Amino acid sequence: MPTKYEKTIGEKKLFYGWIVVLASFLSMLVVGLIYSYGVFVKPLTQEFGWSRASISLAFSISIFLSTMSLPLGRMSDLYGVRKVVAIGAFLTGGGLLLSSQVTSLVEFCIYIGIAGFGISALYVPPVSAIARWFEKGKGMATGFAVSALSGGMALFPPVIGMLIEIFGWRTTFLILGILVLLLLSISSFLIRHEPKTLGLTPYGGDIAAKNERPVECDLKSAMGKKPFWYIYLVMVFTHISLFLVTVHVVPHAIGLGINEITASTALTLLGICSMLARIIGGAASDKLSTTNLFTIFIALQSIATFLLFRSGDIWIIYLAMVLMGIGFGGWIAIYPIIVRGFFGTKHIGSILGTFDSGVGLGGLIGPYLGGLIFDSVKNYDLAFLLGGTICALAVVFSALLRKEKI
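So, how was this worked out
Residues numbered from 1 in each chain as written. Predicted model: local features only at pLDDT ≥ 70, side-chain atom pairs only at ≥ 80, totals over all residues. Heavy atoms only, no water. Helix = DSSP H or I, 4+ residues; strand = E, 2+ residues; numbered from the N terminus. Core = buried A, V, L, I, M, F, W, Y, C linked by side-chain atoms within 4.5 Å. Buried < 20%, exposed > 50% of the residue type's maximum accessible area, 1.4 Å probe, protein only. Contact = heavy atoms within 4.5 Å. Axes fitted to C-alpha atoms, helices over the stretch in contact; angles between N-to-C directions. Parallel < 35°, antiparallel > 145°, perpendicular 65-115°, else oblique. Left-handed = near helix turned anticlockwise from the far one by under 90°. Phe/Tyr/Trp six-rings, centres within 6.5 Å; stacked < 30°, edge-to-face > 60°. Polar contact = N/O pair within 3.5 Å; in protein donor to acceptor, adjacent residues only side chain to side chain.

Q: Account for unusual backbone geometry, naming residues and giving values.
A: Of note in the backbone geometry, arginine 310 takes a positive phi value of approximately 60° without being a glycine. Turning to its location among the elements, arginine 310 is positioned in the loop between helix 14 (290-307) and helix 15 (314-343). One non-glycine residue with positive phi stands out, namely lysine 378, at about 65°. Secondary-structure assignment places lysine 378 in the loop between helix 16 (348-377) and helix 17 (381-401).

Rendered as structure tokens:
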């Protein structure tokens with residue numbers, strides 16, 4: 001007889017871990033919102049007369065806070081993922097609802113910052129939960145869940161643009177706040193911290209136990225190991241490259257005389273390819289060498305950035321975005337599995353949360369670096385060349401992981 005949490009479908013039982021994956025998917029779909037902030041720039045400028053630099057600062061604060069996962073990752077280790085996702089729902093939804101009522105730039109920075117900090121609860125805790133639920137098929141499970149982030153990246157911008165056109169930006173923030181509260185309430189209700197809370201064992205745990213050595217590191221002991229710093233540097237360097245490109249590739253294309261809609265399609269391509277690569281890359285990691293795939297995908301991201309150097313044709317830009325989507329989506333799906341292999345699952349929330357600060361550093365450095373170079377030389381060629389070189393350093397550090405034993 002199946003347990004309360006194993007539903008029978010025909011003669012097969014649905015393992016509750018797949019419900020956890022679905023809950024994580026809903027949570028990470030909301031994370032895709034941070035790639036949609038640019039849609040609000042024009043209406044906010046028209047409403048308040050704020051400079052683009054001022055509005056961008058508010059969004060930069062929100063993006064930076066969305067990567068501050070260490071405290072919430074630590075909370076998920078101590079108190080469980082459900083509570084942390086519920087906190088994320090309250091902060092993210094509440095911040096968006098409050099943003100609909102702003103009357104000053106300071107208010108907007110505070111409210112959108114609250115939403116950003118809430119988003120920091122929506123990636124690391126769910127990923128850490130999946131790591132506890134799956135031994136066999138962990139790559140596919142993780143890849144499917146994190147594909148939602150790219151799905152949100154591709155889905156939200158056109159939808160938000162349509163809502164703003166129909167209802168205005170204030171009502172759009174209200175709609176987003178309500179939608180986020182609904183999605184994250186479902187996620188919080190369904191997600192579970194680990195199998196033993198339901199009297200279950202990890203999927204494929206018996207098979208994996210024969211082949212894998214137990215590894216459990218707390219944050220302090222993890223930081224004493226070389227792989228920790230290799231992975232951290234990979235996070236920083238890849239995200240400098242990623243955010244440099246995602247913020248500046250559309251202005252680069254427009255500067256070549258390409259219209260805004262055609263130029264913006266580049267980011268849609270990146271989002272779609274990244275979503276597919278997360279699913280495929282995660283599944284491939286169950287069959288092939290994880291560290292080898294990790295290096296290959298990061299190399300693709302570096303090559304894509306180099307392709308943008310002196311790119312004067314929209315089709316070259318599109319090709320670069322396809323390769324970047326495949327590269328970034330592929331390695332980001334594999335990275336939690338590598339972290340799990342080196343450091344175990346008991347303290348994985350704290351460890352992933354620390355690595356997420358590397359994303360924040362990349363988010364601070366990449367866009368500013370690209371803008372600084374453009375202001376100096378009036379084109380993006382040197383910025384993309386430097387971005388590709390920085391990402392190539394990440395390839396080197398990912399290759400060093402292959403010499404370390406998991």
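The structure having been displayed, the exposition proceeds.
Q: Can you tell me about the nonpolar core, naming the residues and giving the values?
A: Ile231, Tyr335, Phe343 and Phe355 are the most contacted members of the largest nonpolar core, which totals 123 residues. Among the elements that make up this core, the one with the highest residue count is helix 15 (17 residues). In this structure isoleucine 231 touches Tyr335, Ile338, Val339, Phe342, Phe343, Phe355 and Leu401, once residues within four positions along its chain are discounted.

Q: Describe the packing of helix 5 (residues 81-99) against helix 6 (residues 105-119), and please don't skip the residues or the numbers.
A: Working note: a packed helix pair is described by the angle between its axes plus the distance between those axes. In contact at an axis separation of 7 Å, helix 5 and helix 6 are set at 155° when each is read in the N-to-C sense. The angle between helix 5 and helix 6 falls in the class roughly antiparallel. Our pair here, helix 5 against helix 6, has a crossing hand that is left-handed. On the side of helix 5, the interface is formed by Gly88, Leu91, Thr92, Gly95, Leu96, Leu98 and Ser99, while helix 6 contributes Phe108, Tyr111, Ile112, Ile114, Ala115, Phe117, Gly118 and Ile119.

Q: Can you lay out the packing of aromatic side chains for me, pointing to particular residues and giving the numbers?
A: If you walk through the whole model with that rule in mind, you get 24 aromatic pairs. The interplanar angle of 85° and the centroid separation of 5.8 Å between the aromatic rings of phenylalanine 294 and tryptophan 331 together place this pair among those described as edge-to-face. Remark: tryptophan 331 occurs in helix 15 and phenylalanine 294 occurs in helix 14; sequence separation between them is 37 residues. Tryptophan 331 sits in the buried class, given a relative accessible area of 0%. Three or more aromatic residues link up through ring pairs in this structure, and these residues are Phe228, Trp229, Tyr232, Phe294, Phe328, Trp331, Tyr335, Phe342, Phe343 and Phe355.

Q: I'd like a rundown of the side chain of threonine 172, residues and numbers included.
A: Note on placement: threonine 172 falls in helix 9 (residues 169-190). In terms of polar contacts, threonine 172 uses its side chain to reach the backbone carbonyl oxygen of leucine 163, at 3.4 Å. In terms of polar contacts, threonine 172 uses its side chain to reach the backbone amide nitrogen of isoleucine 164, at 3.3 Å. Those residues in contact with threonine 172 that lie beyond four places of it in its chain are Phe40, Ile160, Leu163 and Ile164.

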